[in-house]
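A look at the structure
The primary structure of each chain is shown beneath.
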Amino acid sequence: MKKFYCWIIITCLFMMYMASNGIVLNTFNLYLPEFAKTFHVDIAKATSLAAVLYLVLALPLPFVGNLLEKFSPKILILIGAVGTSAGLFIMANAKSFATLQLFTIIYPFFLCLVGLLTSMYIINNWFVRFKGIATGILLMGSSVGPALFAPLVGKWIKTLGWQMAATYQFYICSALILIPALFIVSHPSKIGVFADGVEGTEGRQPTTTKKERSKIFKSALKSFEFYLLALVTAALWFCIGGFIQNQRNYQADLQLDVAQSGMLQGAFFFCGLIGKLLFGYLGDRFNVRKMMLISVSNMLLGCVLLYLSLADNRFTIPCAIIFGLGYSGTFTMIQLYIINLFGGASYGTILGILSFIDTLAASIGVALLGALRKSTGSYHTAFIVMIILTFISLIATFYINRRANKINSHSIFN
């Protein structure tokens, strides 16, 4: 049984990520118009809840990355699991807009400990040759969750009201976060097994001294690749996070009601599920840097179709498919790309900083795309911004790859 414990680990991480990010964060946009109606605020103020949520999620990430190098990831996960459950309880029982604002502080604060950053840190400990497929399986959670629950949540909101829908989410997501957290093991060496379940395969070794980690970290900060990578991932997360939390408003502009919107989002996230697993599989078999370039190109095409769908609804379904595959492929490859360039002794700290930048960019994306819609009356300008940023990411990724081919990145950063 212990031989296959790595797959138990990824199953537990998948369930926690599916609930905390997939179901909660990626269906949150469906609630925003309902919050606006219930508490008599305009839609821009309601949408600001999502922006604040991402902002609060971003702020602690550099510290969490550093904590992962010093303390047991399992302890951090258990604390985060309890805290996220408490946050969901607050949302389900909100009686005022101020209570919802409290949710957007408490929930993301604890999500930092149980979310993507910690999960990727544990994957880097448990997997070597199957790291790509393990990452794809994990990230599928953020697509499986809304693919299954966006239609349900949309139906619950329409027929039962948003508060009952939030109550159902509290029960389901709390169970999916709290129970798997109990089975997490931080490193295969803790139970005397090997990475990938293959004898002799060693996962990342967190045994380097503080001085060695500091040296590697400073070396990374001096590299041009680090800042280009920060630009790439920030631009992509601006588009990913910004669009996901503005989906409901975009679909309302297409004259879709909340139930129809939930169905379309289900299709979008189902395509995202396929994209994450596919690119994770390909990431194990082909050059990660080339696959990153392909995934960004695919997302650029998705952004173009998104823009075209505003004027012609015949592009709506193709957009859901291509952009779903594009954002999810990019999402997966970003994680593998970071490991490829900076996956060594200071990986946790570096990932924490990049995750902070990414999540902050997503927060800005949510707010700015919503503000552009409010000021111009449509998402035309907002989607042009997304096209430009994705194109910049494509060029920067190409440049990083060229530089990385000329130097031995692993000897410098790992």
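Predicted model, so just to flag it, every value in this text is computed and none were measured.

Before going further, it helps to examine the overall build of the protein chain. Helix and strand counts for the protein chain come out as 17 helices and zero strands. Residues classed as buried in the protein chain amount to 61% of the 414 residues present. Put simply, 84% of the contacts in the protein chain that link residues at least 6 apart link residues at least 24 apart. Here the protein chain displays about 15900 Å² of accessible surface, and carbon together with sulfur accounts for 69% of that area.

A positive phi angle, near 55 degrees, is found at H40, a position not held by glycine. Position of H40 relative to the elements: it lies in the loop between α2 (28-39) and α3 (43-58). H40 sits in the exposed class, given a relative accessible area of 72%.

It is worth spelling out the packing of aromatic side chains at this point. How two aromatic rings sit relative to each other is given by the distance of their centres and the angle of their planes. Summed over the entire model, instances satisfying the criterion amount to 17 aromatic pairs. Relative to F35, the ring of Y31 lies with its centre 5.8 Å away and its plane at 20 degrees, an arrangement referred to as stacked. Here the residue Y31 and the residue F35 both occupy positions in helix α2, the gap between them amounting to four residues, near one helical turn. Each member of the pair, Y31 as well as F35, carries the same accessibility label: buried.

Following the sequence through the fold, I105 ends up in helix α6 (residues 97-114). For I105, a relative accessible area of 45% puts it in the partly exposed group. Distance in space between the C-alpha atoms of I105 and G87 is 8.5 Å, their sequence separation being 18 residues.

Bringing a nonpolar patch on the surface into the picture now. A contiguous nonpolar surface patch, about 470 Å² in accessible area, is contributed by V82, L178, I179, L182 and F183. You can see V82 is positioned in helix α5 (residues 73-92).

Looking now at the side chain of E34. Tracing the backbone through its elements, the reader meets E34 in helix α2. For E34, which is buried and forms no salt bridge, the nearest opposite charge comes from K37, at a distance of 4.2 Å. Discounting residues that sit within four places of it in the chain, E34 has contacts with I157 and W162.

So, about the confidence of the model for the protein chain. Averaged over all residues, the pLDDT of the protein chain is 83; the fraction at 70 or higher stands at 90%. Every residue in residues 409-414 is under pLDDT 50, and counting partners more than four places away or in other chains gives 21 contacts.

The next point concerns α6. Relative to the 26 Å expected for 18 residues at 1.5 Å per residue, α6 spans 26 Å between its end C-alpha atoms, a close match to the ideal helical length. Buried within α6 are the following residues: F97, L100, F103, T104, Y107, P108, L111, C112, L113 and V114.

All right, on to the environment of N249 then. You can see N249 is positioned in helix α11 (residues 224-253). Along the backbone, N249 and S378 are 129 residues apart, and their C-alpha atoms lie at a distance of 9.7 Å. Among all residues touching N249, those that are not within four sequence positions of it are P33, I43, T47, R373 and Y379.

Quick look at helix α9 (residues 162-181) now. For an α-helix the count is 3.6 residues per turn, leaving residues at separations of three or four pointing the same way. An ideal rise of 1.5 Å per residue puts 28 Å on 20 residues; α9 measures up with 28 Å between its terminal C-alpha atoms. The secondary structure elements touched by the buried residues of α9 are α1 (5-24), α2, α5, α6 and α8 (131-160).

The subject of this paragraph is the packing of helix α12 (residues 258-285) against helix α13 (residues 288-309). The contact between α12 and α13 brings their axes to 8 Å, and the two run at 150 degrees. Between α12 and α13, the angle is such that the two are roughly antiparallel. Read as a crossing pair, α12 and α13 show a hand that is right-handed. Counted together, F279, L282 and G283 of α12 and V288, M291, I294 and S295 of α13 form the full contact between these two elements.

Relative to the helices and strands, K74 is located in helix α5. Looking at K74, the relative accessible area reads 24%, which means it is partly exposed. Those residues within four positions of K74 in sequence are excluded, and the remaining contacts are A181, L182, I184 and S186.

As a further point, take the state of the cysteines. Throughout the structure, instances matching the rule amount to zero disulfides. For the unlinked cysteine C239, the closest cysteine sulfur is that of C303, found at 5.2 Å. Using a relative accessible area of 0% as the deciding quantity, one classes C239 as buried.

Once that is clear, we can look at the side chain of S378. Relative to the elements of secondary structure, S378 occurs in the loop between α15 (347-376) and α16 (380-406). For S378, a relative accessible area of 19% puts it in the buried group. With sequence-adjacent residues up to four places away left out, S378 is seen in contact with L372 and R373.

The rules behind these values
Residues numbered from 1 in each chain as written. Predicted model: local features only at pLDDT ≥ 70, side-chain atom pairs only at ≥ 80, totals over all residues. Heavy atoms only, no water. Helix = DSSP H or I, 4+ residues; strand = E, 2+ residues; numbered from the N terminus. Buried < 20%, exposed > 50% of the residue type's maximum accessible area, 1.4 Å probe, protein only. Contact = heavy atoms within 4.5 Å. Areas by Shrake-Rupley, 256 points an atom, 1.4 Å probe, with all protein chains shown as cover. Phe/Tyr/Trp six-rings, centres within 6.5 Å; stacked < 30°, edge-to-face > 60°. Patch = residues over 30% accessible without salt bridge, like charges linked within 9 Å, V, L, I, M, F, W, Y side chains within 5 Å. Salt bridge = Lys/Arg side-chain N within 4 Å of Asp/Glu carboxyl O. Lys, Arg positive; Asp, Glu negative; His and termini not counted. pLDDT = per-residue confidence, 0-100. Expected span 1.5 Å × (residues − 1). Axes fitted to C-alpha atoms, helices over the stretch in contact; angles between N-to-C directions. Parallel < 35°, antiparallel > 145°, perpendicular 65-115°, else oblique. Left-handed = near helix turned anticlockwise from the far one by under 90°. Disulfide = S-S within 2.5 Å.

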